[in-house]
Amino acid sequence: MYLRNREYNLGRAARFSGPLVVPARVGGYSLLRRCSLLIRKEKKITVFQHFFLENKTIGKMSIFPKISLRLEVEKYLKEGFMNKEVVSAFGKQEAERKFETLLNHLSHPPSFTTVRVNTHLASVQHVKDLLFDELQKFNGLSVPILQHPDLQDVLLIPVIGPRKNIKKQHCEAVVGAQCGNAVLRGAHVYVPGIVSASKLMKAGDVISVYSDIKGKCKKGAKEFDGTKVFLGNGISELSRKEIFSGLPELKGIGIRMTEPIYLSPSFDNVLPSYLFLQNLPSAVVTHVLDPQPGEKILDLCAAPGGKTTHIAALMHDQGEVIALDKISNKVEKIKQNALLLGLNSIKAFCFDGTKALKLSTVKDAEGKPPFLPESFDRILLDAPCSGMGQRPNMVCSWTLKEVTSYQPLQRKLFTVAVELLKPGGVLVYSTCTITLAENEEQVAWALRTFPYLQLQPQEPQIGGEGMMGAGLSLEQLKQLQRFDPSVVPLRDTDIDSLRDARIEDMIWLANKDCIGFFIAKFIKCKST
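Residues numbered from 1 in each chain as written. Predicted model: local features only at pLDDT ≥ 70, side-chain atom pairs only at ≥ 80, totals over all residues. Heavy atoms only, no water.

1. Overview of the overall build of the protein chain
Per the secondary structure count, the protein chain includes 17 helices and 24 strands. Considering the protein chain as a whole, with its 528 residues, one finds that 54% of them fall into the buried category. Put simply, the protein chain shows about 23,900 Å² of open surface, and 52% of that area lies on carbon and sulfur atoms. (Helix = DSSP H or I, 4+ residues; strand = E, 2+ residues; numbered from the N terminus. Buried < 20%, exposed > 50% of the residue type's maximum accessible area, 1.4 Å probe, protein only. Areas by Shrake-Rupley, 256 points an atom, 1.4 Å probe, with all protein chains shown as cover.)

Set out below in structure tokens:
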């Protein structure tokens, strides 16, 4: 393990009496704390990690309100996170604290930007060197680029922020909530995302940018006094008149962010053939699937193609990767990404995954969907979901009916995937949501419905174990991966703290402070 040479074995430490003096630097503040060690049998963590977990007040207080949900949706989520199994194991107060912490984390961006290297075209070290040169051009900052020790094709770039000394300008622009979320991950403001701009705004003006998190601002308004969240400052590329001229061809950058509250590089057209912007758990999924050269693999719900292209790259572009999605422009995006990344083993089709199983026994010579039963060595079902693990997300206006509508669809897709999988084949199920119903409950349902499926351990195991509440055994929960950002406190990151931080501690934080995500891996033991 990458931490082995610097681990602190708390079991052994229990032999010593008295407190431990721990020098640490968290959030840019130099700290010398006397921390009493808690004995945690059989667990090894670094001194930094122990300090960080035990001192939950260290780090930043949240600068944004918790994610805004409809009352019925928040109640539904709370019932899932405070189910009888969880409350019995941890107590009502701790379960409630954890739930509220999660809602708070969802409105803030992760601590790292994650990019996947297209190893089909270049080595990780070569791309890392190229990326370092690109980042030198970005705001003149020198930030480390870390190669993940368990995901060799993944690079991590720390996010600087929140930056609290940015001076707000008189001239303002208001953007939609989705645009605002993108800005917090490093994007510039594109014209379609601008909702409001000050009356006299001209090209070249320094603009304060705000997010309309409740969707109350009227398109074209000259001022807005409703609920808005400050995102930072930028320079307007266009005048107010040009932005709201109604010309459909205006789709480029409207405001170039120069002082974002969270400083993260924009990857717009940065090494596009070598890099793919991807959340950390999304890269983990494909490694868990473990595709091998020469295999026939199905990505059942593939758009926009990040995992599809990752599968092809890990197979060294040898074999066949079938990608399905029922929305035509998304399928075109998959094809574009495959072409850009130089991958030839991918065949993308506009097709409804729930109908991908061929009912007749006549073999289709063209290799197009639908497919005969037991046609694939491995299948990835990155299922359509409520997406409630995405970060940052300050508001979700969905109704309870919309949030709960995904479980039946996921089961239809899962049933098709099981039929299409060869005996001995691997099926990986994943979502980018936090609900019990779309994650652990689906695993419990699958094991009941398909007794010839077996849950498998995952490699690499980077996320935490599954959540209680679906009736799964503790052993089964350990075979799942649930990425829960609430397990670490929100924290400030500045240049000083990065300079003093150790690599293994930053990797540890990147593994924890990411989007909410879920992964389950199954093997099919016999023919259906």
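2. Structural notes on the pattern of salt bridges
Opposite charge on two side chains permits them to pair, given that their charged atoms come into close proximity. Counted under the stated rule, the structure contains 20 salt bridges. Close ionic contact of Lys 228 with Glu 172 constitutes a salt bridge, the shortest N to O distance being 2.8 Å. In this pair, Lys 228 sits in the loop between strand 12 (206-212) and strand 13 (229-236) while Glu 172 sits in strand 9 (residues 172-176), placing the two residues 56 residues apart along the sequence. What makes Lys 228 partly exposed here is its relative accessible area of 25%. The exposure class assigned to Glu 172 is partly exposed, which follows from its relative accessible area of 23%. Residue Glu 320 is joined to Lys 347 by a salt bridge in which the shortest nitrogen-to-oxygen separation is 3.4 Å. Here Glu 320 is found in strand 17 (residues 320-325), whereas its partner Lys 347 is found in strand 18 (residues 346-350), with 27 residues between them in sequence. On the basis of relative accessibility, which here comes to 22%, the residue Glu 320 falls in the partly exposed class. (Salt bridge = Lys/Arg side-chain N within 4 Å of Asp/Glu carboxyl O.)

3. Some remarks on the packing of aromatic side chains
All told, the structure shown has 11 aromatic pairs when counted by the stated rule. Considering the side-chain rings of Phe 81 and Phe 99, the 5.7 Å spacing of their centres and the 40° angle between planes classify their relative orientation as tilted. Of the two residues, Phe 81 sits in helix 3 (residues 71-81) while Phe 99 sits in helix 5 (residues 92-106), which places them 18 residues apart along the sequence. Judged by relative accessible area, which is 7%, Phe 81 ranks as buried. A ring pair is formed by Trp 398 and Tyr 406, whose centres lie 5.8 Å apart and whose planes are at 10°; its orientation type is stacked. Over the face of the ring belonging to Tyr 210 we find Lys 228, whose NZ or CZ atom lies 4.7 Å from the ring centre. (Phe/Tyr/Trp six-rings, centres within 6.5 Å; stacked < 30°, edge-to-face > 60°. Lys NZ or Arg CZ within 6 Å of the ring centre and 35° of its normal.)

4. Describing the environment of Ile 515
Topologically, Ile 515 is positioned in the loop between helix 17 (503-512) and strand 24 (517-524). Not counting residues up to four positions away in its chain, the partners in contact with Ile 515 are Pro 110, Arg 185, Asn 279, Pro 281, Gly 389, Gln 390, Arg 391, Cys 432, Phe 483 and Pro 485. (Contact = heavy atoms within 4.5 Å.)

5. Observations concerning helix 17
Given 3.6 residues to a turn, an α-helix orients residues that are three or four positions apart in the same direction. A large share of helix 17 lies buried, amounting to eight of its 10 residues. For helix 17, the complete set of buried residues consists of Glu 504, Asp 505, Met 506, Ile 507, Trp 508, Leu 509, Ala 510 and Asn 511.

6. Focus on the confidence of the model for the protein chain
Per-residue confidence for the protein chain gives a mean pLDDT of 88; residues scoring 70 or more make up 87%. Scored below 50 in pLDDT, residues 1-43 shows 83 contacts in the model against residues more than four places distant or in partner chains. Here residues 54-60 scores under 50 on pLDDT; set against residues more than four positions off or in separate chains, the count is 22 contacts. (pLDDT = per-residue confidence, 0-100.)

7. Here's the deal with unusual backbone geometry
Put simply, Arg 391 and Pro 392 share a cis peptide bond, and its omega is -5°. Unusually for a residue other than glycine, Asp 290 sits at a positive phi of about 60°. With respect to the secondary-structure elements, Asp 290 resides in the loop between helix 9 (280-289) and strand 16 (296-299). Located in the positive-phi region is Glu 374, a residue other than glycine, with phi close to 55°.

8. Considerations on the nonpolar core
Of all hydrophobic cores here, the largest spans 61 residues; its most connected members are Leu 131, Leu 156, Ile 157, Leu 275, Val 428 and Ile 519. Of the residues forming this core, the biggest block, six residues, is contributed by helix 9. Judged by nonpolar contacts, the second largest core, of 55 residues, contains Phe 81, Leu 427, Ile 434 and Leu 477. (Core = buried A, V, L, I, M, F, W, Y, C linked by side-chain atoms within 4.5 Å.)

9. Some thoughts on the packing of helix 13 (residues 406-420) against helix 14 (residues 440-449)
At a minimum axis distance of 11 Å, the contact between helix 13 and helix 14 shows a crossing angle of 40°. It follows that helix 13 is oblique to helix 14 by the angle criterion. Of the two elements, helix 13 crosses helix 14, and the hand of that crossing is right-handed. Taking contact as the criterion, the partners of Gln 407, Gln 410, Arg 411, Phe 414 and Thr 415 in helix 13 are, on helix 14, Glu 441, Gln 442, Trp 445 and Ala 446. Here the residues of the contact of helix 13 with helix 14 are counted per class, giving three nonpolar, four polar and two charged. (Axes fitted to C-alpha atoms, helices over the stretch in contact; angles between N-to-C directions. Parallel < 35°, antiparallel > 145°, perpendicular 65-115°, else oblique. Left-handed = near helix turned anticlockwise from the far one by under 90°. Nonpolar A, V, L, I, M, F, W, Y, C, P; charged D, E, K, R; others polar.)

10. Considerations on helix 9
In terms of burial, helix 9 is largely enclosed, as 10 of its 10 residues are buried. When helix 9 is considered as a whole, its buried residues turn out to be Leu 280, Pro 281, Ser 282, Ala 283, Val 284, Val 285, Thr 286, His 287, Val 288 and Leu 289. After helix 9 finishes, the residue Asp 290 shows a positive phi value of roughly 60°.

11. Brief notes about the side chain of Asp 212
Note that Asp 212 resides in strand 12. A distance of 3.0 Å separates a polar side-chain atom of Asp 212 from the backbone nitrogen of Lys 216. Polar side-chain contacts of Asp 212 include one of 2.9 Å to the backbone nitrogen of Cys 217. Discounting chain neighbours no more than four positions away, the residues touching Asp 212 are Val 174, Val 175, Ala 177, Cys 217, Phe 224 and Thr 227. (Polar contact = N/O pair within 3.5 Å; in protein donor to acceptor, adjacent residues only side chain to side chain.)

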